[in-house]
Each structure stands twice: as C-alpha cells, then as structure tokens.
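Examining the three-dimensional arrangement
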Amino acid sequence: MVKEDPKSLAGKLQPWLERLRAGRPLVHCITNYVTVNDVANLLLACGASPVMADAEEEAAEMTAIAGALLINLGTLNSRTVRSMHLAAASADKRGIPIVLDPVGVGATRFRTSTAQALLREHHIALIRGNISEIKALASPSIGLGTGATKGVDAKESDLADGLQGRIQIARELARSTSKNSNGSGTVVVISGAQDVVAGANGPAFVCNNGCAAMQTVTGSGCMLSALLAAYAAVAYTADGNKEDNLRYAGLAGLAAMGICGERANALTEQQEGGNAGFRNHLIDGMYRLERLEGTAKVEVVLE
Amino acid sequence: MVKEDPKSLAGKLQPWLERLRAGRPLVHCITNYVTVNDVANLLLACGASPVMADAEEEAAEMTAIAGALLINLGTLNSRTVRSMHLAAASADKRGIPIVLDPVGVGATRFRTSTAQALLREHHIALIRGNISEIKALASPSIGLGTGATKGVDAKESDLADGLQGRIQIARELARSTSKNSNGSGTVVVISGAQDVVAGANGPAFVCNNGCAAMQTVTGSGCMLSALLAAYAAVAYTADGNKEDNLRYAGLAGLAAMGICGERANALTEQQEGGNAGFRNHLIDGMYRLERLEGTAKVEVVLE
Amino acid sequence: MVKEDPKSLAGKLQPWLERLRAGRPLVHCITNYVTVNDVANLLLACGASPVMADAEEEAAEMTAIAGALLINLGTLNSRTVRSMHLAAASADKRGIPIVLDPVGVGATRFRTSTAQALLREHHIALIRGNISEIKALASPSIGLGTGATKGVDAKESDLADGLQGRIQIARELARSTSKNSNGSGTVVVISGAQDVVAGANGPAFVCNNGCAAMQTVTGSGCMLSALLAAYAAVAYTADGNKEDNLRYAGLAGLAAMGICGERANALTEQQEGGNAGFRNHLIDGMYRLERLEGTAKVEVVLE
C-alpha cells in the first residue's frame, strides 16, 4: 500500500466544494419518509437545491430538469419502486448521475431484489452503503433475503473486515455493475469509521474524518448519500472523466460530512446535548462549511 | 398607488392573532412528507391543532370536523390526489375554507394539471405560492409542463417582476377561480421578499417582513401556507364578509411569519448557526409570538 | 385504594432501563410520516435500534428479525393497513410483542374499524392512547365514527374522568382483547397528566411525571408509544411472566418519558424557547438519561 501525500490529496478536494456552492444543482430525491426532512435541509445547507417527487406520473419529468438523482430504499414500496425505475431511465437517457443508497439491503428479499434490479437495469454513478449493505450487494448469494443486516445497521461481524478487505469488496461490486454510455463505471463508497471510495480500477481513497456519534442519529447515512448526489451533479458537469471526477468529488463529500460530524460532536458534548442536538449541529455545520483544507484526513491506497 | 397609514393597517392585524389563539382551530392537512413535521409543529406553535389524514377512506370525514383544509402538492401521488378532491368536496359542502399550496406547479404536467383541477372543481379560499408557481397557474399556456419553475424554487427571471406586476398576476389568478356559495372569491398570496395579498377586487396588501434566510430552510413556504390555513379558519368563522376577513387575516399570518423569520435570523446569526437552527428558532418564535403591532411592516396598495 | 411505597416501586424500574440499554432491541415501526423522524431518534436515544418498513412485500420479514413491532395509525391508508396485518401476523407467530398506538381512533370510522380489526385478529401486548382514544376503543358503541375525538387530541370532557374511572376503562379494554399463546393479556396505557398502566387484572400503576408542554409538540404520544415498544421488547425476552414484566417495563418507560419531559421543559423555559426546542431537549434528555430512581413519581393502585 503506497500512500500519496495527504496534503496534496486534500488540496484537490476544495475545488469540488466550491463548484457545488457555485453550481447550486437541483437534486431529485426519491427517498424514505423517515429522514427526508434532514436530507432536504442538508442539501440546502451544502448549497444544492432539493426536490422530492415520487409519483409515477412525474418522476421522469422531474429527473429531466435535475442535476442528479438520489434513490434511497429506506421505505420503498411497489409504487415508489416503479417511480425509481422511471426516474432512473430518465437519468440514463440524459447522462444525469444516479446515486443509490441501498438502505437495509440484505434484511429483506424485497430490498435486495429491488437494489439488484436497479443496478442491472441502469447505470448507477455511485453506491453508498455501510459494509453490511455493500457486502449484501457484492455477494448476492450471501445477501439475498438472509437477514444479513440488523435492520438498517451494519453487523458487528462485518465491521471486522480490514481496510484492504473493504476496498476489495467495493471493487468487486463496482466491477459487477454496468457502465454508462461514456464508459464511466460505478464508484462505490463504504461509509464507516474509515470511509472507502473505490471504482473497479484506479486509486482507492480513504477518509478518516467523522465520529462515532454519526451512528446515534437517524439519517446520517441518508444525508451523506444526498450530499454525494450533490457532488455527483458537479462531478458530471465539470470537465474531465466523469468517474475520475466523481472519485475526487465523492471524497470531498465524505470529508465535508466527516468534518461537520466532528464539529457537531464537539458542540453537542460542550452543550451536554444528545442526538437531536447533534443532528441540528451537523446540518448547521454544513451550512457554515467553507474549507476542507487543513481538516480533511484523507489518503490514497494504490494497488 | 395610494398608501394607507401602515400603523392603522398594522393595528387591524392583532385581533386575528388573538382570535386564532382563542379559537384553536383544527386544521386538516393533506401535505407532503418532506416538511409535514414542521407544518404540524408550526400549527401547534401558532395556537392551532393539526391533523393529518390522507386516506380516501377518511379524508372527507376528517375535513368535516376541521376548521380549515390545507392542500399542499409537495409530494402528491394519484392516491393522495383522489383524497384531496374528496376532502375538498367535503369542505365545499360545509363552507370550510381550503388553502392550496401548489408546490412546484409548472415543474411537471402532473402538478400543473392537479392544481388546475382543484381550482376548477372546488372553491379555494386562498392560494399561496412563490411568483413562479402563481404565474404558472395564472398563465396556463406558459405554465403547463414546461418546467417553468426550477423544481420547487422561484426562477430568478420571475423575481424581476415589479410589485405592481405581481399584484396584477395575483388578481388575474383570483378572477379565474370559482367563488363559494356566499359569493366570496379567492385570495391569492405571493410570498417573496415583498409578500402580496390580493383578491379579484378590493385593496391589495403588501408585507415587508421576513428575511432571505427563509429560503435556506425547507418548508418555510409549507409552514406559511399552514399558518394561513389556521388564519383562514378564524376568518371564515368571524363576523363579516369571508373574503374581506381573509385578506386581513392572511396579512396577519404573513406578518407573523415574517416577524418570526426576522427574529430567528437574528438568533441564528448570534449563535453562528445554520438552517437547522433557523428552523427551530422560527417555530419557537411562533410559539412565543404575542404582538404584531409595532413590528408588522405592512402597506395597502389601492388601485 | 392502597398505595405501595413509591420508593419501593420506583426501585423496580431502573433494571428495565438497564436491560433496554444492554439489549439494544430492534423495533420495527409501521408508523405515520408526521412524527416518524422523532420516533426514530427517540428510539436511538433510549438505546434501541429503529427500522421502518411498510411495504406488503417485506413487512412480515422485517418483523421476524425485530424485538418488537410498533403499529401507529397516525396516517394509515389501505396499503399500510394490509402491511400492519401482515407484520402483526408475523409477530403473533413468533411471540414478538406488538404495541398499538390508535392515533385519532374515534375521529373517523376508518381509524376505529382498523383498530378494532387489529385488536380482534392479533394479540396486542400493549395499547397506548389518550383517554379519548382508549374510551373510543373500550366503548365501541360510543367510539364508532362519531367524531368522539377532536382530531388526534383528547376531548376536554373526557379529561374529567377521575383516576379510578380511567383505570376502570383501561381494565375494560384489556378484558376485551385476545390473549397470546402463553396466556398473557394486554396492558393498556392511558397517557395524560397522570398516566395509567393496567391490565385486565393485577395491580394498576400510575405515573405522575411529565408536564403540560408535552401537548405543545407533535409526536410526544408517538414517541412514547415507540419507547414502550422498546421496553416491550426487553419485557418479553426477560425471565418471568410477560404481562407482569410489561406492566413494570411500561411504567419504567412512562417514568423515563415523563422525567425527560420535565427536564426539557425546564431547559426550554430557561432558553425562552418553544415547542421545537422542547422536542430537541426531550430527545436529548432520553439520550442522556441514566437513572429513574429518585425522580420517578409512581404509585400502585390495588383494587
């Protein structure tokens, strides 16, 4: 494992934050009703503009005017799954990046088969999940309806996989997905104490920002996926290879969320608050975030 | 443009706030799942009692025991659209005021046609939208499915319309809608930096309270529409002409929301917070709000 | 009415709080979209793990891996009612406790008939409602579609029932419900200024913790029911009779919520906040709560 100078890598992230603030992309979200308000406020906080529309009558039309499509399986049902496919087809046609958050995949057959169908039928620009969710997708024979995850949380046993193991799983999943018409592949993000960003090939990135308190609030994963969708919107409209852009922009998003988490945790402890206070500080921190340099703790893992 | 003494006008608003606190009207909301929690808490904060019920099996029955019906198109689908019509018919039959928030109308054909059908088939007491949404409704040939709005936000170009232009658009929309059985017409509210309240005829009102931070939090428009529904409930049960009452009560609601926004903004800046903190302060401010006099910045525009 | 030493009773509650923190039960919630985010954060705050899944395709499967099932009728519709029955049947089969929150029962025929069907067809471990909701269920001839409740709030007239009267109503409802395969009956909780916990037989408990501010925030009842579902999960897995366990564990949950409400109210007043601040402090308080002893104000009512 060769590590690039973290300072040099961290310096490549700031421009993505600035592109996001300048671009104010519209992010169309088909997401769950548990954390949707936090998702909308986090998107506004980071500089994006959220729109939620999950009716079959309008899903494709709304995606057509958006900069990115977020699909989150948190509270899927047969109606919204149809809308997800309609919206995804609209995104495919127009080269709009799709971010998939396979919440709870592996816990029920419906979640697993829905995620698999989305991956099979559309080009997913980025998948973000915890290690249990990504393993369930990367190893269908293990994941399919075996209750591999504990509801929507990662299993303790899955957390034992080493960093190299997790990068390997991310790469395997990336290799199994379909490319878009430009030949760009899928970027896989495994979030956890050490976040991993990897595609089928190329360098893998690791982000060490964040804090354990992220697990104490509902929606920290959903908000992260929404943030990555906002970064995906600017990654796909900037010059250069879309997949390469997205690896850096995705790492910028992970660093941004991790930094806001660390700051929110410090404020919450100082105020003797709990998870509701943490959530407010997390969103407020994203609203105030200006610099990733000097605070992002990131590294490159070269094969 | 003749301007009435703002102090005199502001003095006519306080009684509506007091009637609302005393009446504690039940507001039946068929609204979106993004901001529904804030809508419920804002209604409780202002002194009203919220109830949410969007099943076809019960929508009409729930409206029948309510003081006002709020219809918000934020995350409509074919099932909830049927419930909106059932609830609206129940309100029509009983003279219960309906407030329509045509979220994102103009962005998709489904939203535009749903809003048009609601306006055609029922008496809507009050419509509240941003300038792009109201233009889309007032000029169907422009608005219909042309992506006239950027998701759910107002377009920059639409904001360029002058105050007189916006009042004119509000009047046009009011003239095109159906009256209720008492002959009362629709009151149209265009919210923005300068809020406009106008019916087909009679004086138009302008409210200059509020702050730019309102746009940084999801649901500020939805909460405003819910507040106007609470004020509509008391406007329709008080003595006097319902449409006249509602113009004053609606202005009181706009002033209340604007004042709370200004105070929330000051607190948020002081605490170096962001949009999550702002949202909490906004609702808390409504909970504490006692006086509109002295702080409401309102004026009358006579034709 | 013989009163047991409150200190002795309060001392029996702390172990249940500790079992909950240690067990981290997964609580499957089919609940309304108004307060679902607060429900999820409250569950995380108390030490449980929430999962929301309301699709017919997966409801039974998700319940099968959970420690308790929460059914909340807040925004029911025909699709989610089918999922409630599928999930409840899955719970019945596995001896997983079901907690029912019959929000707004009595306000519409759909709510009343749905609650009645759930009570008839499944073993409900615990029902939690306000006095109007519990009366509507205990006296079907009164409650059925007569608009007995004011939306989702208790009627003033119902609050006039004395403590003994409320215990009697709780017992009547408990007697009319079906037992589970172990012979355990239903525990009924009526929340209010004085919370009541009673089964068909055995001692009834009263909890005097809490504050009027609980009524100013949406979801305080929903959060309480979710908390009781978390306590039910540990009551049903601990040694001893499930119904007896649940009476004590339920009282522990009521005391926990009441204590957090009192503290949240004190903080909110100190900060000159409102209902949004109160909600955050309530959840944060549950996150920090360590001891019930010394603060729980509980008593036993022996027949």
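We now turn to the structure provided with this report. Position numbers for residues count from 1 along each chain, tracking the sequence in the order it is written. Key to labels: chains lettered from A, ligands numbered from 1, both in the order written. Owing to the predicted nature of the model, reporting of local features is limited to residues with pLDDT of at least 70; listing and counting of side-chain atom pairs is limited to 80 or more, with chain, interface and lining totals taken over all residues. With hydrogens and water set aside, each side-chain value is computed from the structure's full complement of heavy atoms.

Take the interface of chain C and chain A next. The partner chain A presents 34 residues to the 28 residues of chain C that form the contact. Summed over both partners, the accessible area lost on bringing two parts together, with a 1.4 Å probe, is the buried area. Between chain C and chain A, a total of about 2,600 Å² is buried, with carbon and sulfur atoms accounting for 50% of that surface. Of all residues in chain C, the largest losses of buried area upon contact with chain A belong to C:Glu61, C:Tyr287 and C:Arg288, amounting jointly to 21% of the total for that side. Within this document, salt bridges are pairs made up of a side-chain nitrogen of Lys or Arg and a carboxyl oxygen of Asp or Glu, the two lying within 4 Å of each other. Inspection of the region where chain C meets chain A yields three salt bridges. Across the pair A:Arg109 and C:Glu61 runs a salt bridge, and its minimum N-O distance is 3.4 Å. Whenever two N or O atoms come within 3.5 Å, that pair is a polar contact, provided that in protein one can donate a hydrogen and the other can accept it, and provided that, for residues adjacent in sequence, both atoms are side-chain atoms. Inspection of the chain C/chain A interface yields 16 residue pairs in polar contact (both at pLDDT 80 or more). In what follows, a contact means two residues having at least one pair of non-hydrogen atoms within 4.5 Å.

Further remarks concern the pairing of strand β4 (residues 98–101) of chain C. Residue and element names in this part refer to chain C. Three exposure classes are used, based on accessible area relative to the maximum for each residue type with a 1.4 Å probe and protein chains only: buried under 20%, partly exposed in between, and exposed over 50%. A run of DSSP states H or I qualifies as a helix once it reaches four residues; a run of E qualifies as a strand once it reaches two. Both are numbered from the N-terminal end. Of the two faces of β4, the one holding Ile 98 and Leu 100 and the one holding Val 99 and Asp 101 are both buried throughout. Sheet topology places strand β3 (residues 68–72) next to β4; four bridges connect them, and they run parallel. Across the sheet, the residue bridging to Asn 72 is Asp 101, located in β4. Between β4 and its parallel partner strand β5 (residues 126–129), the chain crosses via helix α6 (residues 109–121), and the hand of that crossover is right-handed. Only when DSSP finds a minimum of two bridges between them are two strands counted as paired. By convention a crossover is right-handed if, when the strands point away from the viewer, the path from the first strand over the helix to the second runs clockwise.

Put simply, the two copies of the chain differ by a rotation about an axis and a shift along that axis. Each copy superposes on the other: chain C lies on chain A with an RMSD of 0.0 Å after a rotation of 120 degrees and an axial shift of 0.0 Å. In short, the pair behaves as if placed about a three-fold rotation axis. The rotation axis passes nearest to the C-alpha of C:Tyr33 in chain C, at a distance of 3.5 Å. By residue overlap, the copies meet through two different surfaces: only 7% of the interface positions of chain C are interface positions in chain A. Superposition of the copies was done by least squares, using only C-alpha atoms of residues whose pLDDT is at least 70 in both.

Attention now goes to the packing of aromatic side chains. Geometry of aromatic contacts follows a simple scheme: Phe, Tyr and Trp rings, the Trp one being its six-membered ring, pair when their centres are within 6.5 Å, and the pair is stacked under 30 degrees between planes, edge-to-face over 60, tilted otherwise. This structure, assessed with the given rule, holds three aromatic pairs over all chains. We call a charge positioned above a ring when the Lys NZ or Arg CZ atom is no farther than 6 Å from the ring centre and deviates by at most 35 degrees from the ring normal. Here the basic side chain of A:Arg19 rests over the ring of A:Trp16, its NZ or CZ set 4.2 Å away from the ring centre.

All names here are of chain B. Inter-axis angles, ranging from 0 to 180 degrees, are taken between N-to-C directions of lines fitted to C-alpha atoms, where helices are fitted over the stretch in contact. At a minimum axis separation of 9 Å, helix α7 (residues 131–138) and helix α10 (residues 163–176) run at an interaxial angle of 45 degrees. By the angle between their directions, the pair α7 and α10 is classed as oblique. With respect to the hand of their crossing, α7 and α10 are arranged in left-handed fashion. Counted together, Ile 131, Ile 134, Lys 135, Leu 137 and Ala 138 of α7 and Arg 166, Ile 169 and Leu 173 of α10 form the full contact between these two elements. The labels follow the angle: roughly parallel below 35 degrees, roughly antiparallel above 145, roughly perpendicular from 65 to 115, and oblique for the rest. The sense of a crossing depends on the near helix, which, turned anticlockwise from the far helix by less than a right angle, makes the crossing left-handed and, turned clockwise, makes it right-handed.

Residue and element names in this part refer to chain A. One open sheet holds the nine strands; their spatial order is β2-β1-β3-β4-β5-β6-β7-β8-β9, and the pairing between them is mixed. A single partner strand is all that each edge strand has here, and the edge strands are β2 (49–52) and β9 (298–301). Across the sheet, the mean angle from the axis of one strand to that of its neighbour is 20 degrees, orientation sign disregarded. Relative to strand β6 (residues 187–190), strand β5 (residues 126–129) runs parallel, the two being bridged by four bridges. Each bridged residue has a counterpart across the sheet, and for Leu 126 the counterpart in β6 is Val 187.

With that settled, consider the pairing of strand β8 (residues 204–207) of chain B. Residues and elements named next belong to chain B. Side chains of β8 alternate between two faces, with Ala 204 and Val 206 and Phe 205 and Cys 207 buried alike. As paired strands, strand β7 (residues 195–198) and β8 are joined by three bridges and run antiparallel to one another. Bridge pairing in β8 links Val 197 to Phe 205.

Looking now at the sheet that holds strand β7 (residues 195–198) of chain C. Residues and elements named next belong to chain C. Taken in spatial order, the nine strands make up an open sheet running β2-β1-β3-β4-β5-β6-β7-β8-β9, and their pairing is mixed. Each of the sheet's edge strands pairs with one partner strand only, and the pair in question is β2 (49–52) and β9 (298–301). Recorded for the sheet is a direction-independent mean angle of 20 degrees between the axes of neighbouring strands. By the bridge criterion, four bridges tie strand β8 (residues 204–207) to β9 in an arrangement that is antiparallel. Along β9, the bridge assignment pairs Cys 207 with Val 298.

This brings us to the interface of chain A and chain B. In this complex, chain A contributes 28 residues to the contact, which on the side of chain B involves 34 residues. Of the roughly 2,600 Å² buried at the junction of chain A and chain B (both faces included), carbon and sulfur atoms supply 50%. If you look at where chain A meets chain B, you find three salt bridges. Its salt-bridge partner being B:Arg111, residue A:Glu58 comes within 2.7 Å of it at the nearest N-O pair. Elements supplying a minimum of two residues to the side of chain A that touches chain B: α3 (36–46), β2, α4 (59–64) and α13 (275–288) of chain A. With six residues, α3(A) is the largest single contributor of residues to the side of chain A that touches chain B. For this classification, the nonpolar set comprises Ala, Val, Leu, Ile, Met, Phe, Trp, Tyr, Cys and Pro, the charged set comprises Asp, Glu, Lys and Arg, and every other residue, Gly included, is treated as polar. In the side of chain A that touches chain B, the residues fall into 15 nonpolar, five polar and eight charged.

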